[in-house]
Amino acid sequence: MTDRQIAAGTGRLYGVGLGPGDPDLMTVRAAALIGKADVVAYHSARHGRSIARSIAARYLREGQIEEPLVYPVTTETTDHPGGYRGALDEFYEEAAARLAVHLDAGRDVVVLAEGDPMFYGSYMHMHKRLAHRYPTEVVPGVTSVSAAAARLGRPLVEAEEVLTILPGTLPEEELTARLAATDSAAILKLGRTFPTVRRALERSGRLADAQFVERATMAGERMAPLAEVDPESVPYFSVAILPSRIGLPTDEAPSSKEGQVVVVGLGPAGPLWLTPEARGELAAADDLVGYTTYLDRVPVRPGQQRHGSDNKVEAERAEFALDLARRGRRVAVVSSGDPGVFAMATAVLEAACADPYREVPVRIVPGMTAAHAAASRAGAPLGHDYAVVSLSDRLKPWSAVATRLRAAASADLVLALYNPGSRSRTTQVGLARDLLLEHRAPDTPVVLARDVGGPTERVRTVRLADLDPAEVDMRTILLIGSSQTQAVRRGDGTEVVWTPRRYPED
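Residues numbered from 1 in each chain as written. Predicted model: local features only at pLDDT ≥ 70, side-chain atom pairs only at ≥ 80, totals over all residues. Heavy atoms only, no water.

1. Focus on the pattern of salt bridges
Across all of its chains, the model carries 28 salt bridges by this definition. In this structure, Asp183 and Arg301 form a salt bridge, with 2.4 Å as the shortest nitrogen-oxygen distance. Of this pair, Asp183 sits in the loop between α6 (172-181) and β7 (184-188) while Arg301 is found in the loop between α9 (292-295) and β13 (305-309), placing the two residues 118 residues apart along the sequence. On the basis of relative accessibility, which here comes to 5%, the residue Asp183 falls in the buried class. Note that Arg440 is salt-bridged to Asp412, the shortest N-O span being 3.7 Å. Remark: Asp412 occurs in the loop between α13 (398-410) and β18 (414-418) and Arg440 occurs in the loop between α14 (428-436) and β19 (445-450); sequence separation between them is 28 residues. Of the two residues, Arg440 and Asp412, both sit in the buried class. Put simply, Glu172, Glu173, Arg199 and Arg203 are held in one network by salt bridges that share partners. (Salt bridge = Lys/Arg side-chain N within 4 Å of Asp/Glu carboxyl O. Helix = DSSP H or I, 4+ residues; strand = E, 2+ residues; numbered from the N terminus. Buried < 20%, exposed > 50% of the residue type's maximum accessible area, 1.4 Å probe, protein only.)

2. Points about the sheet that holds strand β21 (residues 476-480)
Working definition: the strands of a sheet are paired by backbone hydrogen bonds and lie parallel or antiparallel to each other. In spatial order, the strands read β17-β18-β21-β19-β20; together these 5 strands make up an open sheet with mixed pairing. At either margin of the open sheet sits one strand with a lone partner, and together these are β17 (386-390) and β20 (458-463). Averaged over all neighbouring strand pairs, the angle between strand axes comes to 20°, with direction disregarded. Both β18 and β21 contribute to a ladder of 3 bridges, which runs antiparallel. Bridge pairing in β21 links Leu415 to Ile480. Sitting on the sheet, helix α12 (residues 370-378) touches β17, β18, β19, β20 and β21, and the angle it makes with β21 is about 65°. Of the strands in this sheet, β17 and β18 are in contact with α13, which crosses β17 at around 165°. (Pairing = 2+ DSSP bridges. Axes fitted to C-alpha atoms, helices over the stretch in contact; angles between N-to-C directions. Contact = heavy atoms within 4.5 Å.)

3. Observations regarding the side chain of Thr476
As for its position among the elements, Thr476 is in strand β21. Note on Thr476: relative accessible area 4%, which makes it buried. In this structure the side chain of Thr476 is engaged in a polar contact, spanning 2.9 Å, whose partner is the side chain of Asp473. (Polar contact = N/O pair within 3.5 Å; in protein donor to acceptor, adjacent residues only side chain to side chain.)

4. Describing a nonpolar patch on the surface
On the surface, Phe342, Tyr386 and Val388 cluster together to form a nonpolar patch covering roughly 250 Å² of accessible area. Among the residues examined, Phe342 registers a relative accessible area of 43% and is labelled partly exposed. (Patch = residues over 30% accessible without salt bridge, like charges linked within 9 Å, V, L, I, M, F, W, Y side chains within 5 Å. Areas by Shrake-Rupley, 256 points an atom, 1.4 Å probe, with all protein chains shown as cover.)

5. Things to note about unusual backbone geometry
Trans is the common state for peptide bonds, and a negative phi is the common state for residues other than glycine. Cis geometry is found at the peptide bond from Asp355 to Pro356, where omega equals 5°. Structurally, Pro356 is set in the loop between α11 (344-352) and β15 (362-365). Unusually for a residue other than glycine, Tyr120 sits at a positive phi of about 55°. Here Asp412, not a glycine, exhibits a phi torsion of approximately 60°, which is positive. On the basis of relative accessible area, Asp412 is assigned to the buried category, the value being 14%.

6. Things to note about the packing of helix α10 (residues 314-326) against α11
Where α10 meets α11, the closest approach of the two axes is 9 Å, and the angle between their N-to-C directions is 60°. Classified by the angle their axes make, α10 and α11 are oblique. As for how α10 packs across α11, the hand of that crossing is right-handed. Seen from α10, the contacting residues are Glu314, Arg317, Ala318, Glu319 and Leu322; seen from α11, they are Met344, Ala347, Val348, Ala351 and Ala352. Its residues assigned to classes, the contact of α10 with α11 comprises 7 nonpolar, no polar and 3 charged. (Parallel < 35°, antiparallel > 145°, perpendicular 65-115°, else oblique. Left-handed = near helix turned anticlockwise from the far one by under 90°. Nonpolar A, V, L, I, M, F, W, Y, C, P; charged D, E, K, R; others polar.)

7. Quick look at helix α7 (residues 194-203)
Those residues of α7 that sit buried are Phe194, Val197, Ala200 and Leu201. Buried positions in α7, seen along its axis, are confined to an arc of 125° and lie on one side of it. In the core, the buried residues of α7 are packed alongside α6, β7, β8 (211-214) and β10 (238-242). Remark: Gly205 follows α7 within two positions and exhibits a positive phi of approximately 75°. (Arc of directions from axis to C-beta.)

8. Let's talk about the environment of Thr369
Structurally, Thr369 can be placed in the loop between β15 and α12. With 57 residues separating them in the primary sequence, Thr369 and Thr426 have C-alpha atoms 24 Å apart.

9. So, the sheet that holds strand β5 (residues 136-139)
With parallel pairing, the 5 strands of this open sheet are ordered in space as β3-β2-β4-β1-β5. Edge strands, defined here as strands with exactly one partner in the open sheet, are β3 (65-70) and β5. When the angles between neighbouring strand axes are averaged without regard to direction, this sheet yields 20°. Inspection of the sheet shows strand β2 (residues 39-44) paired to strand β4 (residues 109-113) by 3 bridges, in the parallel sense. Residue pairing across strands places Val40 opposite Val110, the latter belonging to β4. Of the strands in this sheet, β1 (13-17), β2, β4 and β5 are in contact with helix α1 (residues 28-36), which crosses β1 at around 135°.

10. Focus: the side chain of Thr444
Turning to its location among the elements, Thr444 is positioned in the loop between α14 and β19. Among the residues examined, Thr444 registers a relative accessible area of 5% and is labelled buried. Those residues in contact with Thr444, other than ones at most four positions away along the chain, are Val462, Arg463, Leu464, Ile480, Gly481 and Ser482.

11. Thoughts on the pairing of strand β6 (residues 163-167)
Looking along a regular strand, one sees side chains alternate from face to face of the sheet. Note that β6 and β7 share 5 bridges and pair parallel. Paired with Pro167 across the bridge in β7 is Leu188. Remark: the β6/α6/β7 crossover connection has right-handed handedness. (Right-handed = clockwise from strand over helix to strand, strands pointing away.)

12. Some thoughts on the packing of α6 against helix α8 (residues 276-284)
Between α6 and α8, whose axes approach to 6 Å, the crossing angle comes to 35°. On α8, the residues touching Ala177, Ala180 and Ala181 of α6 are Pro276, Glu277, Arg279 and Gly280. When grouped by side-chain class, the residues that make up the contact of α6 with α8 number 4 nonpolar, 1 polar and 2 charged.

13. Examining the packing of aromatic side chains
What the rule picks out here adds up to 8 aromatic pairs. Taking 6.1 Å as the distance between ring centres and 85° as the angle between the ring planes, the aromatic pair formed by Phe194 and Phe212 counts as edge-to-face. Separated by 18 residues along the polypeptide, Phe194 in helix α7 and Phe212 in strand β8 bring together distant segments of the chain. Like Phe212, Phe194 is buried. (Phe/Tyr/Trp six-rings, centres within 6.5 Å; stacked < 30°, edge-to-face > 60°.)

What follows is the structure, given as C-alpha cells:
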C-alpha cells in the first residue's frame, strides 16, 4: 500500500483557516467543519490563551474534544540541547503524535489556524507530519495581508505591479534590498522586529508610503502611518503595508514635492542584470528620461512619463531631466551598463554643476558594467590589473586613444575596449589591433562579446593576430589579454579565459 491508500476507519485531518480575527470573516466551510469535528486542536503560548480558539468559539459545541497545543517557547531562550529550533521540532513531533492517536481511532480532527493555514501558519507543521498518512483537507482563510489592505481601503497591487510578502525577521540588509526592488509589500511578524523593519523602510526610501495595521478586524484594531508608530507599542499581530504605488493619494501637485534626478544603471541587458536599488528607483520615478533603446528595457508603469531621445543628445537630455526636477519631478535618467562608465552620469553632473541646476539633488545608482558582464561569460580575463579605454574618437582625438593604448599595452595590462566600431567608424579596431601587436604576442587571447545577456548574445575567443574588424560593431566589447592571460580548453569541451592574480617577478 502507498501512503495514500489509507486504511478504512481512520479519521480525517482538516487544516481550517479562521481568517484575520473577525469570526464573521470565516468561510462557511470552516464554520461547518468546526461545528461537526470530533476533535478541535489549536496552538497557544504557555499562558494557555489561544487567539485561534477565541475566533472559533461561537462554532464549538459541547462534547467535542479539545487539544491545546501549547508551545514550549515563543521568543524566549531555552536550554533544550537542540536550541530554539530543536525545542520547536520536538514539540511539533509530539503534537502530531497526539493528533495521530485521534485519527487512528477514527475521529476527525480540525486544526485551527489564524489567517490561512498555509500562509506562515502553525498548521503546516502538522500537515507535513500527517497529511501523507491520513485523508486531509485544507480550508483556506482570509490572510492578515488582505484584511489589512481592506481596512486601510488601499489597493495592494494594480495592473502589472508586484507584491512582495516579507517576514520582519529577515536581516535588515535583506529587507532593505527587497523593499527597494518591489512595487508593493506586506511585512509580517513585527513586534520586536519593528525597529529593524522601520530602518529598512527608511533606507529603501519607502517609509513615507508605509502604513501600520494592528489586529486588523479584531478588537483593539489600530491603523496609522508607520513612521508615527511607537516601537514599544507594536504587537506581534500587526503588519506593515506598502500599498500600490498607483493607488497612492495624489492630492499634492508635483510642483509641491522636492524634485531630484537619479541616474540609473540598467546593466548590460534585461531585468536579470538589474540591481534591487535600480529597480526601486525606476519604479518610484515620475519621469523616465533616456536613449529610446534603453527606455524600451524599462517596464511601462501607469502614471509615469517617458521621454525618449536619440543617442547623440546627451547634454540636451541631461538638461531636460534637470529642468523636470526643478519643477518638482522625481526623474530617473536611464543608462546602459553602469552610468559612470562612458555613460550618462558624467553628462548629468556636468550640467548639474552649472547654473541654473546647482541646487537640484542628483544621485547615481550603479549598474553591472559591460566589461564585467562579458568577462563573466568568458571566465575571468579581468582577474588582474586592467585598463578600460573607449575606441571612439567622437569626443577625443584618435591620437589620445593611441597614446593610451600604447601606455596600457607597454604596462602589460589587460584591456577592456568599449565603443570599438560603428557604421561611421570602421577603422579603429584594425588600428588598435596593429598597435597592440607591437607589444603583445600574436596568440594573445581576445574575447569578443556581443549583446551579452541579450537574445543574440555571442561570446567567443580569438587570437589577437586573427581579430577581424568586420566582426565587431557597437554592441561588441573586446577584452584583450595580457602576457599572462590563459585560454584553456577544459575537459567538458568549454574554453575559459582567465588572468592569474599572481604576476611574475621581474
